[in-house]
Structures are given as C-alpha cells and as structure tokens.
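Examination of the molecular architecture
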Amino acid sequence: MMNGSSIAIAFEGAGLRLPDGRALLTELDLSIARGETLVLLGRSGSGKTTTLKLINRLLDPTEGRVLVEDKATTEWDPIRLRRRIGYVIQEVGLFPHFTIEENVAVVPRLEGWDPDRIQKRVRELLDLVGLDPARFAGRYPRELSGGQRQRVGVARALAADPPIMLLDEPFGALDPITRREIQEEFRSLQRRLGKTMVFVTHDVGEAFLLASRIALLKDGRVVLLGRPADFLASRDPEVVAFVSCLRGAAEVAAAP
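Fair warning: this is a prediction, and the values are worked out from it, not measured in the lab. (Residues numbered from 1 in each chain as written. Predicted model: local features only at pLDDT ≥ 70, side-chain atom pairs only at ≥ 80, totals over all residues. Heavy atoms only, no water.)

1. Topic: the sheet that holds strand S9 (residues 213-218)
The condition is simple: At least two DSSP bridges between two strands are needed for those strands to be called paired. The helix count covers DSSP runs of H or I at least four residues long, the strand count covers runs of E at least two residues long, and both are numbered beginning at the N terminus. Every axis in this analysis is a line fitted to C-alpha atoms, fitted for helices over the stretch in contact. Angles between the N-to-C directions lie between 0 and 180 degrees. Contacts are assigned to residue pairs with any non-hydrogen atoms lying within 4.5 Å of each other.
Spatial ordering of the open sheet is given by S6-S7-S8-S3-S9-S10, a layout of 6 strands whose pairing is mixed. Whereas interior strands pair on both sides, the edge strands pair on one side only; in this sheet they are strand S6 (85-89) and strand S10 (221-226). Averaged over neighbouring strand pairs, the angle between their axes works out to 15° when direction is ignored. Of the pairings in the sheet, the one linking S6 to strand S7 (residues 164-168) comprises 5 bridges and is parallel in character. Following the sheet pairing, Ile85 is matched in S7 by Ile164. Here helix H1 (residues 48-55) sits on the sheet in contact with strand S3 (37-42), S6, S7, strand S8 (196-201) and S9, set at roughly 155° to S8. Most of the contacts of helix H8 (residues 176-193) go to S8, to which it runs at about 160°, and overall it touches S3, S7 and S8.

In structure tokens:
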C-alpha cells in the first residue's frame, strides 16, 4: 500500500449520480501516486471525462469524496484548485485574438507574476514543446497547424508549473502521423518533468505507450486497474476487446 504522502489524488468511494438517479460513476476507489501517469481508458460514455472533471472540481461527487494533495476537492477553493492543475483538451481552446505568447502567459498573469519572469517562462516552455519562440511567440492560433496548436495547449497547461496535469483526449483530433509524433514527444516530456498526469483516451495503443498504469472503465466502474502487462494477461471480456484492437492494429501494420 502506498504511503499517504506519496499520493497526489485519491478517490474514496466516489460516485456521481444525475438528478434523475442515473449513475455516471459508481464507487470509484483509486489512488494516483505523485509523478505517475494514469491513463483512463474506455469506450465513449464509460465515465472517463467524468472522473477527470471530479479532480479539478468541474463536477462534485454525489457519493464518497475525491482528494487532491490530501484535501477533499469540496474543501478547496475551486479557483485555487484549478490553478494547481494543468488542463489540456482535444480542441485546445486557445484564445484566437491572443498571440501564442499571450495564450501561454494567461495563468502566470492571473497569478501576478513579474512580466520578465512571464516572458522567460513562455520562451522556456515553447522551447520545451518544440516551438522556436523567435518564430512562434508572436503568431496567432489560426497561423498554426493542429499539431502546433496542441503543443501550445500543453505549454499553456504547464505555464504556472502545476504539480498535476489532466489531459482529455488531447491528441484525438490530429492526423495519425502527427498524433504518433506528439505521443512520442509527450512521453519524453513526461520523463523529464515527473508530474502527476491523468490522461483520458479510448485508444488502447496510446494508453500502452504513455501509461504507468491504466484504469479501464465501463459503465462508470473500473473493470481493471493495472500495468499494460496486466491487460495482456487478463481474460475479462472488456479487457480482451481492447487488447484485440491493439493486436489487430499490429497485424495490419505488419502485413506486406
């Protein structure tokens, strides 16, 4: 069992029910270690994004509780909580009338950072995600490709150096080649930064590539929690269905 001080996020019997009684998430018990990358895998509607939104308090549990840094999310001021958590979504959500530099600087400005410190941080982060600050800082989102905008989204989420990152299918809208390139870059970034990351995807290959552990969800419940090797050994029908997709893709790739 993990020491409490090593746990960044914990779900304790957490659930979410709609006013009509329908359960979106049921009895979730899960601890996420500091520095771990947990991938939430599952079909559409399985509860992945709901789980993610409980962490940054876009939703509050109707049952049980969620803890971030040993404190229940309902006890956090929502603004302070969200500023400690980087959030990356599929469509990025950049401000179209802000330059790339201004987009990345949003949270540090809200935090009252000195302008020189902000500029230094923005340029450091653009370098980190593979965008030359001299070329990209003054551009606008419409002048970038989808892959470049996604890199800016990651840089913006990292701007105030949050200890936790949430990523909701961030690469899902990219073409397959760009997506693979960014996955590899992201994996390298993970290793260098050592942040706690919770990553949502329905792509089992992406999960296997990026995860320390994978939580497979179905109908608001965790079917299996473990490392990729545990998935390959499982006989659970839902796990087998996802692993079969991975094996099928590998066979296609290997075909002459």
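2. Digging into the layout of surface pockets
Here is the rule we go by: With a 1 Å grid laid over protein atoms only, a set of points is called a cavity when a 1.4 Å probe fits there but cannot get out and a pocket when it is open yet has protein on both sides within 12 Å along at least five of seven lines; lining residues have an atom within 4 Å of a point. Grid points are joined across faces, edges and corners, and a volume is the space filled by probe spheres set on the points. Note on residue categories: nonpolar means Ala, Val, Leu, Ile, Met, Phe, Trp, Tyr, Cys or Pro, charged means Asp, Glu, Lys or Arg, and polar means any other residue, Gly included.
Taken as a whole, the largest pocket spans an internal volume of roughly 530 Å³. What lines the largest pocket is a set of 22 residues, among which Arg82, Ile85, Tyr87, Val107 and Arg156 lie closest to the centre. Going through the elements one at a time, helix H2 (78-83), S6, helix H4 (106-110) and helix H7 (146-158) are the ones with two or more residues in the lining of the largest pocket. At 5 residues, S6 tops the list of elements feeding residues into the lining of the largest pocket. Looking at the lining of the largest pocket residue by residue, the class counts come to 15 nonpolar, 4 polar and 3 charged.

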